[in-house]
Amino acid sequence: MRLLPFDYAVRNLGRSAARLLLSVLGSALVVVLVIAAAAFVRGMSGSLNISGSANNIILLGAGSEESVERSEVEASTPGLLEASVSGVRARAGVSYVSPQVHVMLPVQTSSQQTKERQALIRGVTPEALLVHDMVRITEGRLPRPGSDEIMLGRMVGTSLGVPESDLAVGGTIVIDGRPWKVCGRFAAPGTVMEGEVWAPLLDVMAATKRATISCVVLTIDPALTDVGEIEVFTKMRPDLELVAMTELAYYGRLAGFFGPIKVVAWVTAALIALGGLFGGLNTMYAAFASRVRELGALQSLGFRRAAIVVSLVQESLLATTVGGLLACAVAVLFLDGLAVRFSMGAFGLVVDAPVVGVGLCAGLGLGLFGALPPAVRCLRLSIPEALKSF
Amino acid sequence: MALIECRSLTKAYKRGSGTITPLHELDLDVESGDFLALMGPSGSGKTTLLNLIAGIDRPTGGELCIDGADIATLSRSRLADWRSENIGYIFQLYNLVPVLTAYENVELPLLLHRMPGRERHERVRTALRLVGIADRHDHYPRQLSGGQEQRVAIARAIVTDPRIIVADEPTGDLDAESATAIMQLLTRLNRELNKTLIMVTHDAKCAGYARRALHLEKGRLVEPGRIGSEAEQEAAA
Ligand SMILES: Nc1ncnc2c1ncn2[C@@H]1O[C@H](COP(=O)(O)OP(=O)(O)OP(=O)(O)O)[C@@H](O)[C@H]1O
Ligand SMILES: [Mg+2]
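Quantities reported herein were computed from a predicted structural model and do not represent experimental measurements. (Residues numbered from 1 in each chain as written. Chains lettered and ligands numbered in written order. Predicted model: local features only at pLDDT ≥ 70, side-chain atom pairs only at ≥ 80, totals over all residues. Heavy atoms only, no water.)

Chemist: When you look at the overall build of chain A in this model, what are you seeing that I'm missing?
Modeler: Tallying secondary structure elements over chain A gives twelve helices and 14 strands in all. The C-alpha atoms of chain A give a radius of gyration of 29 Å, which is well past the 21 Å a tight globule of 390 residues would have. With respect to the principal axes defined by its C-alpha atoms, chain A has extents near 95 × 45 × 30 Å. A burial count over chain A gives 51% of its 390 residues as buried. Excluding contacts between residues fewer than 6 apart, the proportion of contacts in chain A whose partners are at least 24 apart in sequence is 79%. Taken together, the 32 basic and 31 acidic charged side chains of chain A have centroids lying 15 Å from each other. (Helix = DSSP H or I, 4+ residues; strand = E, 2+ residues; numbered from the N terminus. Rg over C-alpha atoms; globule rule 2.2 N^0.38 Å. Buried < 20%, exposed > 50% of the residue type's maximum accessible area, 1.4 Å probe, protein only. Contact = heavy atoms within 4.5 Å. Lys, Arg positive; Asp, Glu negative; His and termini not counted. Charge placed at Lys NZ, Arg CZ, Asp CG, Glu CD.)

See below:
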């Protein structure tokens, strides 16, 4: 089949500057919003997709299963656990029991003194490195208690939206109005911990004036015990008001808890895309309907209807692709890494290749399905009827 | 055998309970090289007949053979190919593509034919020269006068070298002077290039350029016959 020249589709775009602007900006808007939804879901899934070990047990205050920040656990619990539960892993006399405080606090850095951002501060003891074995100190060292030192995750800069130079080892950042020295950096690929600030447990408890901890994470030896035994412990000590679950179950629960949020994100994106599609259908129908006589003349010359449909779809695809690329540029520049806080900590919107791909597909879909029905409809007229239209 | 043969050619539209029959069992032969003017009152079926011959409409009854082929039996896409080979259509309102230049408008039908770019270029040039508009090849339709637009449209109709050229009131939207120029051009296509022309017109003066004129009334031919050709009178004078 002989097609119309591509140039014809390109120049048809120039027929109405207003329509061109509408198509490009409209599709850009739709694609940006679709990308935002995809980046949100991807960022969220990515951070929850922590390789939560089945051998790690997390103990929280009963009723705070969804939010470790709200959880309160007696500070004496780790010692009780160590004494009453057999089968906790140990090496060189050190048990894998990590008491922790999780608290969201405002952070200021040297280049960002006015605008405050929240970061998750995790108060830890050195045992945290034993139970969270994916954490690697990449620079400096673990903070020493009593000297106002902190260690920063690799993603803290991104989630706070500050330059890396603000977070260099040896520098100072202000947390909740109090200066802390950066003494180390760490990585924990693919986990929420990378966006966190780690400080000595007692320092965080002192700074936040709290007497309780948030949770205890311990690693069991699966050959000797299982989560059931820990659950028995929590039942035997109802006064402690504890719940125990494996880290795997904990993150699975969280992922389940955030599942509906993802669905809402996708549904919102789909509705926006659908709205954009109907807008596009209208715009394209108006554009094509004003050219019915010309389309009839092209057919009288011998161009097949399919060739004309291809040209009209090309025209629409061109506009939405330009809009889509524009949207991708905006998304990569302004959305990527944008921190979103939720009760687990923070995660960054992830605008990576698959997300950009989803956005571009939305743009292409908009161009294709926005033009196809109006094109077919405008070509349903017989040629003599088309030639009579104005 | 005539180039165009219509036998009991009928076109009818169903409209609710009744039928409208713009063309009623029409018999017509058009020889190769003829220049036929179709006249008649509004609604008499002139455009309908022209569209059937041009293969952009289908008869509901009778036979229509062009160059020995029964075009009513062709599929929609075959018919499109057939049009690009055999028909040049000239419209009252030119129907040029507004976003293409005069040159590109004339080139358009050639894109349906396989040929080297150089030959295509030559053909477009020749057609534009023939209609006397070569100097305006890079102008867009909106930059041309009606008469000039119609010249470009004529160049577009002849560029593929079709055997049959149909024209529906080609001077209907032009002033007398431009109309005369267009009629002289069409006459040349018939006399010098031996194109078979069928032209619908309301204007007796235009019909005078044709070799013969036929009158349609309510979908039937009336009093067919030769009339005094204005072109011949001009040539004689
Ligand atoms: N699609 C259609 N549906 C129903 N009737 C139609 C249709 N197309 C044309 N007709 C009818 O066919 C008849 C002939 O129409 P046609 O266009 O051939 O007339 P015409 O001789 O070209 O008139 P004019 O000089 O005004 O152009 C008219 O009565 C018209 O109403
Ligand atoms: Mg007519």
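The discussion continues.
Chemist: For this particular structure, what's the right way to read the site of ligand 1?
Modeler: If you check the shell around ligand 1, you find 16 residues, and the closest are B:S42, B:G43, B:K46, B:T47 and B:T48. Neighbouring residues of ligand 1 are distributed over chains A and B. A distance of 2.9 Å is found between a nitrogen atom of ligand 1 and a side-chain nitrogen or oxygen belonging to B:R15. Between an oxygen atom of ligand 1 and a main-chain N or O atom of B:G43, the distance comes to 2.8 Å. Starting from 640 Å² of accessible surface for ligand 1 in isolation, the protein chains cover 74%. (Near = heavy atom within 4 Å. Polar contact = N/O pair within 3.5 Å; in protein donor to acceptor, adjacent residues only side chain to side chain. Areas by Shrake-Rupley, 256 points an atom, 1.4 Å probe, with all protein chains shown as cover.)

Chemist: What's the story with the domain arrangement of chain A in this structure? I'm lost.
Modeler: Interfaces are frequently sized by the accessible area removed from exposure as the parts join. If you check the domain split of chain A, you get domain 1 (6-49 + 258-388) and domain 2 (55-221). A straight line from the C-alpha centre of domain 1 of chain A to that of domain 2 of chain A covers 45 Å. (Domains from an automatic or database assignment.)

Chemist: So what exactly am I meant to see when it comes to the layout of surface pockets here?
Modeler: Rolling a probe over the atoms, with the probe sized like a water molecule, indicates the empty space that remains. Of the volumes computed, that of the largest pocket is approximately 1100 Å³. Looking at side-chain class alone, the lining of the largest pocket contains 16 nonpolar, 14 polar and 15 charged residues. (1 Å grid on protein atoms, 1.4 Å probe; cavity = no way out; pocket = protein on both sides within 12 Å on 5 of 7 lines; lining within 4 Å. Points joined across faces, edges and corners; volume = space filled by probe spheres on them. Nonpolar A, V, L, I, M, F, W, Y, C, P; charged D, E, K, R; others polar.)

Chemist: Just to check I follow, could you spell out the sheet that holds strand β1 (residues 4-15) of chain B for this structure?
Modeler: In any sheet, the strands associate via hydrogen bonds between backbone groups, in a parallel or an antiparallel arrangement. Residues and elements named next belong to chain B. The strand order across the open sheet built from four strands is β2-β1-β4-β5, with neighbouring strands paired in antiparallel fashion. The sheet terminates laterally at β2 (18-30) and β5 (69-70), the two strands that pair on one side only. Pairing geometry for β1 and strand β4 (residues 61-66), over five bridges, is antiparallel. Directly across from C6, in β4, lies its bridge partner L64. On top of the sheet, helix α1 (residues 46-53) reaches β1, β2 and β4; it is set at about 60° to β2, its chief contact. (Pairing = 2+ DSSP bridges. Axes fitted to C-alpha atoms, helices over the stretch in contact; angles between N-to-C directions.)

Chemist: In this structure, what is going on with helix α5 (residues 146-158) of chain B? I would like to understand it.
Modeler: An α-helical segment advances 3.6 residues per turn. Residues three or four places apart therefore align on the same side. Look at α5(B): 19 Å from first C-alpha to last across 13 residues, which is about the 18 Å you get at 1.5 Å a residue. In terms of residue burial, α5(B) counts as a mostly covered element, since ten of its 13 residues are buried. Listing the buried residues of α5(B) in full gives B:G147, B:E149, B:Q150, B:V152, B:A153, B:I154, B:A155, B:R156, B:A157 and B:I158. Where the residues of α5(B) are buried, they touch α9 (292-301) of chain A together with β6 (87-90), α3 (102-107), α4 (117-130), β7 (164-168) and α6 (176-192) of chain B. (Expected span 1.5 Å × (residues − 1).)

Chemist: Just checking my understanding: could you explain the packing of aromatic side chains for this structure?
Modeler: The relation between two aromatic rings is expressed through the spacing of the ring centres and the mutual angle of the planes. Across all of its chains, the model carries three aromatic pairs over all chains by this definition. An angle of 70° between the planes, with centres 5.2 Å apart, marks the rings of A:Y250 and A:Y251 as edge-to-face. You'll find A:Y250 and A:Y251 in the same group, each marked buried. Note on B:Y89 and B:F91: the rings are 4.4 Å apart at their centroids and 10° apart in plane angle, and the pair reads as stacked. (Phe/Tyr/Trp six-rings, centres within 6.5 Å; stacked < 30°, edge-to-face > 60°.)

Chemist: So what exactly am I meant to see when it comes to the pairing of β2(B) here?
Modeler: Every regular strand shows the same layout, with side chains that alternate between the two sheet faces. All names here are of chain B. For β1 and β2, the ladder comprises eight bridges, and the chain directions are antiparallel. Across the sheet, residue I4 finds its bridge partner in β2, namely V30. Where β1 folds back on β2, the antiparallel hairpin that results is connected by two residues, among which G16 adopts a positive phi of roughly 65°.

Chemist: Please clarify how the nonpolar core should be interpreted in this entry.
Modeler: Taken as a class, soluble globular proteins show a tendency for nonpolar side chains to be buried jointly. All names here are of chain B. Residues F35, V106, I154, L186 and M199 are the most contacted members of the largest nonpolar core, which totals 39 residues. Elements that contribute at least two residues to this core include exactly β3 (35-39), α3, α4, α5, β7, α6, β8 (196-200) and α7 (204-207). Broken down by element, the residue count for this core peaks at six residues, all from α5. Residues in contact with M199, not counting those within four places in the same chain, are F35, L36, A37, L38, A167, P170, M183, L186, C206 and A207. (Core = buried A, V, L, I, M, F, W, Y, C linked by side-chain atoms within 4.5 Å.)

Chemist: Mind showing me how you'd approach helix α1 (residues 6-13) of chain A here?
Modeler: For α1(A), every residue scored as buried is listed here: A:Y8, A:A9, A:N12 and A:L13. On an axial view of α1(A), the arc spanned by its buried residues comes to 145°, and they lie on one face. (Arc of directions from axis to C-beta.)

Chemist: Help me understand the environment of A:D166 in this model?
Modeler: Residues and elements named next belong to chain A. Among the structural elements, D166 can be located in the loop between α5 (156-160) and β8 (172-175). Judged by its relative accessible area of 6%, D166 falls in the buried class. Spatially, the C-alpha atom of D166 lies 6.0 Å from that of T109, the residues being 57 residues apart in sequence. D166 has contacts with T109, S110, S111, Q112 and I173, leaving out every residue within four places of it along the chain. There is a polar contact of 3.2 Å between the side chain of D166 and the side chain of S110.

Chemist: Would you take a moment to explain the pattern of salt bridges for this structure?
Modeler: Proximity of charged atoms lets side chains of opposite charge pair with each other. Enumeration according to the criterion identifies 22 salt bridges over all chains in this entry. Salt-bridge contacts for B:E119 lead to B:R123; the nearest nitrogen and oxygen are separated by 3.6 Å. With a gap of four residues between them, B:E119 and B:R123 both fall in helix α4, about one helical turn apart. Close ionic contact of B:R188 with B:E192 constitutes a salt bridge, the shortest N to O distance being 3.3 Å. Of this pair, B:R188 and B:E192 both sit in helix α6, four residues apart, which is roughly one turn of the helix. Each of A:D7, A:R11 and B:E104 takes part in a single network of salt bridges with overlapping partners. (Salt bridge = Lys/Arg side-chain N within 4 Å of Asp/Glu carboxyl O.)

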